[in-house]
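# Overview (structure and organization)
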Amino acid sequence: MKNEVKSFIDFSSSEIHKALSECGADSYRLNQINDWIYSKYVQKWEDMANLPKDLLMKLSTLAPLHPLEEINCSGLGSDPTQKFLFLTSKKNKIESVLMRQGSRVTVCISSQSGCAVDCDFCATASMGFKQNLSTGEIVDQVLQLSNRSSLKITNVVFMGMGEPFLNYQKVVEAAKIMNEKMNLGSRRITISTAGIVSKIYQMADDKLPFKLAVSLNAPNDEIRKVIMPLTITNPINELLKAAEYYYNKLRRFITFEYVLLENVNSDEKCARQLIHLLKNIPCKVNLIPYNEIESEYKRPSNISINNFERILKEAPFTTTVRWSKGTNIDAGCGQLAVRV
Ligand code: SAH
């Protein structure tokens, strides 16, 4: 049996109020505590300098502050990309990536340890599924990376390990905390899904203000089924219907991600099919040249990548290419997998 301890950051608001009253603290102390956690990113109870020592002592015996324990960091402090390895309360491993690009500081966070979706080209799939992260474990990745970098995080993307829509409620709660308590604009938080159709409808019905990205990765079901088996239950025509529903309800563009794999989905015919498929959908397309992992797949040459992009420029939607950062430390998209 794994020994799991609930941290303060994972407390519900009623648990927080109970804890504070047990410690005999006045309610205004909560604002101070929240300021230390969500604006100053302190790591330990004893660092909350304007709180009475005896209160901090009581709180620290009640619960640890953070749910995640950092066990490794790759990439030097001066590197624009750093990858962090954490242990969850259930003692599973997750990774988070910090990327600096001028004044933009993006963190790529995990929503699960491992993943159950089994995309053929993604390293996380090889870990299998370990656990859904708690709300606190999701938020804590941003808090700890803020603390470690001493930088103001400007963007958060749910593109680390796991399928966010298979942990929908915790992901949404965590995104709301980042928005409300950490002051991160809702349009600076992107949730990326492998394409769980029912949850695209739910995100639209819930009128969530966050950005939505959908990993399309193929211009037809035939190719998509081979690289993303979830296509069998979430076919492209259903995905596109959900995308239209989402747009009609929220008037916001979806970004379709498209991983470019040599000899699979990156030739001219695929580019033209993709234009045809998406020409009537209000969307953007983000091409991601494949980051090689131990698999049969290869990254297309830069000439093929540029050619694919050039053809898509003829489409009515905007296309960008994501030249992944951090592939030298296996921190690029889809390279997150804890070797077991
Ligand atoms: N499960 C979610 C989020 C994690 S993957 C999703 O599928 O969207 C984040 C993005 O990285 C997805 O668009 C995915 O298609 C892409 N990706 C996965 N493996 C990759 C690899 N090896 N190289 C480049 N992109 C990859």
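Up top is the structure.
Below: a short report on this structure. (Residues numbered from 1 in each chain as written. Predicted model: local features only at pLDDT ≥ 70, side-chain atom pairs only at ≥ 80, totals over all residues. Heavy atoms only, no water.)

Looking now at helix α1 (residues 13–22). Where α1 is concerned, the buried positions are Ile16, Ala19 and Leu20. The buried residues of α1 occupy an angular sector of 95° when the element is viewed end-on, so they sit on one face. Exposed side chains of α1 directed beyond 90 degrees from the buried face belong to Ser14, Lys18, Ser21 and Glu22. On its buried face, α1 sits against α2 (29–38) and α3 (53–62). Directly beyond the C-terminal end of α1, a positive phi value near 70° is found at Gly24. (Buried < 20%, exposed > 50% of the residue type's maximum accessible area, 1.4 Å probe, protein only. Helix = DSSP H or I, 4+ residues; strand = E, 2+ residues; numbered from the N terminus. Arc of directions from axis to C-beta. Contact = heavy atoms within 4.5 Å.)

This part takes up the sheet that holds strand β1 (residues 69–74). Taken together, 10 strands build an open sheet; the order of strands is β1-β2-β3-β4-β7-β8-β9-β10-β11-β12 and the sheet is mixed. Each of the sheet's edge strands pairs with one partner strand only, and the pair in question is β1 and β12 (318–321). Pairs of neighbouring strands in the sheet enclose a mean axial angle of 25°, with direction left out of account. Summarising the sheet, β1 and strand β2 (residues 81–87) pair through five bridges and their orientation is antiparallel. From the neighbouring strand, Ser74 faces β2, where its bridge partner is Lys83. (Pairing = 2+ DSSP bridges. Axes fitted to C-alpha atoms, helices over the stretch in contact; angles between N-to-C directions.)

Of all seven residues in strand β10 (residues 254–260), seven are buried; the element is thus mostly enclosed. Residues Ile254, Phe256, Tyr258 and Leu260 line one face of β10 and the alternating positions Thr255, Glu257 and Val259 line the opposite face, and both faces are buried. Where strand β9 (residues 211–215) lies against β10, three bridges are found, and the strand directions are parallel. Of the residues in β10, the one forming a bridge with Ser215 is Glu257. As paired strands, β10 and strand β11 (residues 283–289) are joined by seven bridges and run parallel to one another. In the sheet register, Val259 faces β11, and the bridge partner there is Ile288. For the handedness criterion, the β-α-β arrangement of β10, helix α9 (residues 268–278) and β11 is classed as right-handed. (Right-handed = clockwise from strand over helix to strand, strands pointing away.)

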